[in-house]
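# Close look at the chain arrangement
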Amino acid sequence: KLLSLMDINGKKPEIYISESNRSAGKTTYFGRWFVNSFLKKGEKFGLLYRFNYELDSVADKFFKDIGALFFPEYTMISETKLKGIYHELFLMKKGNDSVKISCGYAISINSADQIKKNSHLFSDIQRMLFDEFQSESNNYCANELSKFMSVHTSIARGKGEQVRYVPVIMVSNPVSII
């Protein structure tokens, strides 16, 4: 239902926020949708993280559960690019590990300046997922909102357009009633 709603002005939003209790299936739902959209329509995706160190083992973090549940014939790997600024994600059919297909990217928000300088590399991203966008321990990047907006702006250009529609799905558990 969330994805079919319009904003207060009746327009399609570019940021969607899904917040509910743990184990409600938010990450699983959107992860499955992203992979299905790639497999059926070739639509690449971006995964947003705060810091570069969070990109380690990103393929397992993202794909391990949804792969076992919905895509048992596939595996996912990632390759570090630009000295760890981002990772490129690849899907491979099991038994045919020699053919890897680029399906998306994992990006660090804290690397906003480097992402801006290399924005052309991400012009094929159709949608992004920012899982755990609310930190339970208040561990945010310095100037996180500015960096987030910069990364989105960098990605939402290209393919001959100054601005493309690139929705961001932001997922989190409730952190505080305040």
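Here is what the cut-offs are and how they apply
- Residues numbered from 1 in each chain as written.
- Predicted model: local features only at pLDDT ≥ 70, side-chain atom pairs only at ≥ 80, totals over all residues.
- Heavy atoms only, no water.
- Helix = DSSP H or I, 4+ residues; strand = E, 2+ residues; numbered from the N terminus.
- Rg over C-alpha atoms; globule rule 2.2 N^0.38 Å.
- Buried < 20%, exposed > 50% of the residue type's maximum accessible area, 1.4 Å probe, protein only.
- Contact = heavy atoms within 4.5 Å.
- Areas by Shrake-Rupley, 256 points an atom, 1.4 Å probe, with all protein chains shown as cover.
- Lys, Arg positive; Asp, Glu negative; His and termini not counted.
- Charge placed at Lys NZ, Arg CZ, Asp CG, Glu CD.
- Pairing = 2+ DSSP bridges.
- Axes fitted to C-alpha atoms, helices over the stretch in contact; angles between N-to-C directions.

Assigned secondary structure in the protein chain consists of four helices and seven strands. Walking the protein chain from its N terminus toward its C terminus, one meets helices and strands in the order β-α-β-α-β-β-β-α-β-α-β. For the protein chain, whose C-alpha radius of gyration is 16 Å, the value lies close to the compact-globule estimate of 16 Å for 178 residues. With respect to the three principal axes, the spread of C-alpha positions in the protein chain is 50 × 35 × 35 Å. Put simply, the protein chain has 178 residues, and 44% of those count as buried. Long-range contacts, defined here as pairs at least 24 residues apart, represent 64% of the contacts in the protein chain between residues at least 6 apart. Carbon together with sulfur atoms contributes 51% to the accessible area of the protein chain, which is approximately 10100 Å² in total. If you average the places of the 24 positive and of the 19 negative side-chain charges in the protein chain, the two averages end up 4 Å apart.

It is worth spelling out the sheet that holds strand β2 (residues 44–49) at this point. Strand order in the open sheet formed by seven strands is β1-β7-β6-β2-β5-β4-β3, and the pairing between neighbours is mixed. A strand with exactly one partner marks an edge of an open sheet, and here the two such strands are β1 (15–19) and β3 (74–81). Geometrically, the sheet is characterised by an average inter-axis angle of 25° between neighbouring strands, direction not taken into account. In terms of strand pairing, strand β6 (residues 125–131) meets strand β7 (residues 168–172) through four bridges, oriented parallel. Bridge pairing in β7 places F130 opposite M170. Here helix α2 (residues 58–70) sits on the sheet in contact with β2, β3, β4 (86–93), β5 (101–108) and β6, set at roughly 160° to β3.

On to the environment of I101, then. One can find I101 in strand β5. Given a relative accessible area of 44%, I101 falls into the partly exposed group. In the structure, I101 is positioned 24 residues away from I77 in sequence and 9.9 Å away in space, judged by C-alpha atoms. In this structure I101 touches F38, L89, F90 and L91, once residues within four positions along its chain are discounted.

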